[in-house]
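Structure at a glance
Now for the letters of each chain:
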Amino acid sequence: MSTIVVIQARTGSSRLPGKILMPLAGRPLLARMIERVRAASFPFECVVATTTEASDDPVRALCRSLDVACFSGHPTDLLDRHYRAALPYGADAVVKIPSDCPLIDPAVIDRVLHCYAERRGRVDYVSNLHPATYPDGNDVEIMTAGVLEEAWREATLPFEREHTTPFIWERPGRYRLGNCPWETGNNFSMSHRWTIDYPEDYEFIRAVYDELWSAGGKPFTLADILALLERRPALASINARYAGVNWYRHHAGELTTVSPDQYRQPA
């Protein structure tokens, strides 16, 4: 099975502009994100999907410095950007990982991809998000290239184009969907926020890197972060007001497979 991982990245975030270039342990956040994705052991090619905007020239320059493929596409139609970024590779499966997950555990990536590979031919899409159980910021979605193409060709609603995959997972009667829950049986998706969208998120993530990152060492793990929060529970309070806040809240009346307990408004 040939697999391509697409990391969506742009500097034009509306809530925290330039967040993917903010420093973590002396390197841009996106560089640390790529570092963690590449640490997964499942075989795949990796490409960063940015936009054609001049403001994303630093993303292209960073990718060149890291020897990572970079595709420049539509600024807001992420479905188009993912499809076109993956197309030249002719991969069997396409993985979507957003660039706002700089704490993602490589082992979580491996788990979701293996979950898909073990059921290959019997599933069209697998993620750890429907429903989510891992701490927010460990987002992994994988789908067949053919299903991604169908979504790219047929999706018409703005949120389907902007968020890449809703056309697929909103149609359980059409597509064979799989979920890969956290093996602990816990659900920290609404209580542990490890993604970045607000200044407080950056402060939290930077504190984690300051504590756990080490040059030349193995990437710290999900368990390492949880152990750190046990030792220093005050860290979690930095961005606690945004725990459980995600894009679903903007489409509560449109999403048929997302229940109200899977999102909330900012405190």
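The present account deals with the structure reproduced in this document. Nothing here was measured: the structure is a model prediction, and the numbers come from that model.

Regarding the pattern of salt bridges
- Within this structure, the stated rule accounts for 19 salt bridges.
- With a closest N to O distance of 3.0 Å, Glu 35 and Arg 32 form a salt bridge. Remark: Arg 32 and Glu 35 occur in helix H1 (residues 29–38); sequence separation between them is three residues, near one turn of the helix.
- Taking relative accessible area as the criterion, Glu 35 reaches 34% and is therefore assigned partly exposed.

Some details on the pairing of strand E6 (residues 93–98)
- Most of E6 is tucked away: six of the six residues are buried.
- Where burial is concerned, the two faces of E6 agree: the one with Ala 93, Val 95 and Ile 97 and the one with Val 94, Lys 96 and Pro 98 are both buried.
- Here strand E1 (residues 3–8) pairs with E6 via six bridges, running parallel. Residue Gln 8 lies in a different strand from E6, and its bridge partner there is Pro 98.
- Summarising the sheet, E6 and strand E8 (residues 141–144) pair through four bridges and their orientation is antiparallel. Bridge assignment links Ala 93 to a residue of E8, and that residue is Thr 144.

Overview of the pairing of strand E4 (residues 45–51)
- Where burial is concerned, most of E4 is hidden: six out of the seven residues are buried.
- Looking at chain direction, E4 and strand E5 (residues 69–73) are connected through five bridges and run parallel. Within E5, the residue paired with Val 47 across the bridge is Ala 69.

What counts as what
Residues numbered from 1 in each chain as written. Predicted model: local features only at pLDDT ≥ 70, side-chain atom pairs only at ≥ 80, totals over all residues. Heavy atoms only, no water. Salt bridge = Lys/Arg side-chain N within 4 Å of Asp/Glu carboxyl O. Helix = DSSP H or I, 4+ residues; strand = E, 2+ residues; numbered from the N terminus. Buried < 20%, exposed > 50% of the residue type's maximum accessible area, 1.4 Å probe, protein only. Pairing = 2+ DSSP bridges.

From the geometry alone we can't say anything about function, so treat these as descriptive.
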